[in-house]
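If you want the building blocks of each chain, they are given just below.
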Amino acid sequence: MLKLAQRMSRAKPSAIMVIAEKAKKLKAAGGDIISFSIGVPNFLPGEHVYAAAHEALKHDSGQYGSNRGSDALLDAFLKHLREGGFEGYERKHLASGVGAKQVLFNLMYALLDEGDEILIPTPYWTSYVDIAEILGAKITLLPCPPEQNYKLTPAQLEAAIKPTTKLLLFNNPSNPTGMVYTPDEIKAIADVLAKHPNLWVLSDDIYNRMIFDGLPYAHLVKARPELRDRVVIIDSISKTYGMPGWRVGLIAGPESVALAMVTLNSNHITNLPEVVTAAAVAALGGPQDVPKQKNADFAKRRDEVMAALNAIPGVRCPRPQGAFYAFPDISVAFGKKHGATPVNNDVDFCNALLEVKGVACVPGSAFGEPRAIRISYTCKPAELTDGLKRLQAFFSELK
Ligand code: PLP
């Protein structure tokens, strides 16, 4: 019997996709299903993005392009970085890929040898662990429970870094929790990192334009510019511009890391297509009305979700300040029953909620926190209101 490579025994499908698929199937079969499961934006980019893509199609060369990304794409990203408060980057510090997920895969592939230790604050976005496992890295999870607002503390980070630790994965704003670090919190973490010059940092900032309550976009590199030599900024057009299917991810980091991305691209994707590139340039470089308006919209939805969750006795949810997720601790339900169905953990909870009320959420264990569930609040407004009512009803029926 022919065998797959060993590393495939460590690869598994995304847990988020599994529940999203289940909800989709139930809906297709006529079920009255509301999905809070998948983290897809509920909007499209402005007309200018489609106009740019049409124009590019008319003039498409049909040829291979740059392994790094076209100059126009790199320049649009440089502009985007400057608007975000990052100075001093040039094209040589940048690279692109097929979405932030592929970029993250490449970065970990380029920076981690088998057995290298990676620190992952928990709750984490599922793919960090999945990719690290495929690559055979040694994963150390740093638990950041709801009691500490799901945030990594400087003391915790300091205690976890060993001389052999290779990489920290840092995500702000966070998927799944929606937490956003304050400038003081970022500064304190940057101060710890500054003491450990042998540690790489992957800073997954793809929700950086989705921050509420007037909070500033604080960043490790802005707090401590010398960290630029080993902090890699990861960005994407997926969430900010409502373009997840276009698949454009970008990095800004040390020249050596950007070059490693270019080399890896030259051995698989080669380049992003011209039409996709033109759309990304228009999104990054064009008017920013859509993301601004959506941000205000998501802040209102966050308020609606929080009001509903706060009305459920025993449910605790640190208040999200960014992205479009809430991550309530629902462990008060454990040990109870809905009808004859026992709810002993987050998976039982999500299965029962889907079966009884037709609401799909992702179990927190997919993100390393089994006391919680993730609510993605990007569905239609009426569905959000209805789904939250169903969630409240489900809780009230637990015995
Ligand atoms: N990083 C985080 C934190 C995410 O939530 C996601 C998508 O859900 C990604 C990366 C991947 O984004 P992309 O669509 O650019 O691959």
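From a predicted model like this one, the values you see are computed outputs, not experimental measurements. (Residues numbered from 1 in each chain as written. Predicted model: local features only at pLDDT ≥ 70, side-chain atom pairs only at ≥ 80, totals over all residues. Heavy atoms only, no water.)

(A) Expanded view of the nonpolar core. In terms of nonpolar packing, the biggest core is built from 77 residues, with Leu 202, Ile 251 and Phe 349 touching the most fellow members. A domain-level breakdown of this core finds at least three residues from each of domain 1 (6-44 + 290-396) and domain 2 (47-285). Apart from residues lying up to four places away in sequence, Phe 349 is in contact with Ile 330, Ala 333, Val 343, Ile 373, Leu 391, Phe 394 and Phe 395. Within the second largest apolar cluster, 55 residues are counted, among which are Ala 160, Ile 186, Leu 193 and Ala 280. (Core = buried A, V, L, I, M, F, W, Y, C linked by side-chain atoms within 4.5 Å. Buried < 20%, exposed > 50% of the residue type's maximum accessible area, 1.4 Å probe, protein only. Domains from an automatic or database assignment. Contact = heavy atoms within 4.5 Å.)

(B) Highlighting the site of the ligand. Near the ligand there are 14 residues, and of these Ala 100, Asn 175, Asp 204, Ser 236 and Ser 238 occur at the shortest range. One nitrogen or oxygen atom from the main chain of Lys 101 is found 2.9 Å from an oxygen atom belonging to the ligand. When the free accessible area of the ligand is taken as 400 Å², the share hidden by the protein chains comes to 93%. By residue number, the principal contributor to the shell around the ligand is helix α4 (residues 99-111), which donates three residues. (Near = heavy atom within 4 Å. Polar contact = N/O pair within 3.5 Å; in protein donor to acceptor, adjacent residues only side chain to side chain. Areas by Shrake-Rupley, 256 points an atom, 1.4 Å probe, with all protein chains shown as cover. Helix = DSSP H or I, 4+ residues; strand = E, 2+ residues; numbered from the N terminus.)

(C) Representation of the sheet that holds strand β14 (residues 373-376) in the model. Across the sheet, which stays open at both edges, the three strands sit in the order β9-β14-β13 with antiparallel pairing between neighbours. Of all the strands in the sheet, the pair left with one neighbour each is β9 (325-326) and β13 (362-363). (Pairing = 2+ DSSP bridges.)

(D) Highlighting the environment of Met 179. Within the secondary structure, Met 179 sits in the loop between β5 (165-171) and α7 (183-194). Here the alpha-carbon distance between Met 179 and Glu 133, two residues 46 residues apart in the chain, equals 25 Å. Those residues in contact with Met 179 that lie beyond four places of it in its chain are Asn 149, Tyr 150, Lys 151, Asn 172, Pro 173, Ser 174, Pro 318, Arg 319 and Pro 320.

(E) Fine view of the pattern of salt bridges. If you walk through the whole model with that rule in mind, you get 29 salt bridges. One salt bridge connects Lys 58 with Glu 55, and the closest N-O pair in it is separated by 3.1 Å. Remark: Glu 55 and Lys 58 occur in helix α2 (residues 47-58); sequence separation between them is three residues, near one turn of the helix. Among the salt bridges present, the one from Arg 316 reaches Glu 147, with a minimum N-O distance of 3.2 Å. A residue pair is termed long-range when its members are at least 10 positions apart, and Arg 316 in the loop between α11 (289-310) and β9 and Glu 147 in the loop between β4 (138-143) and α6 (154-160) qualify at 169 residues. When its relative accessible area of 36% is taken as the criterion, Arg 316 is described as partly exposed. (Salt bridge = Lys/Arg side-chain N within 4 Å of Asp/Glu carboxyl O.)

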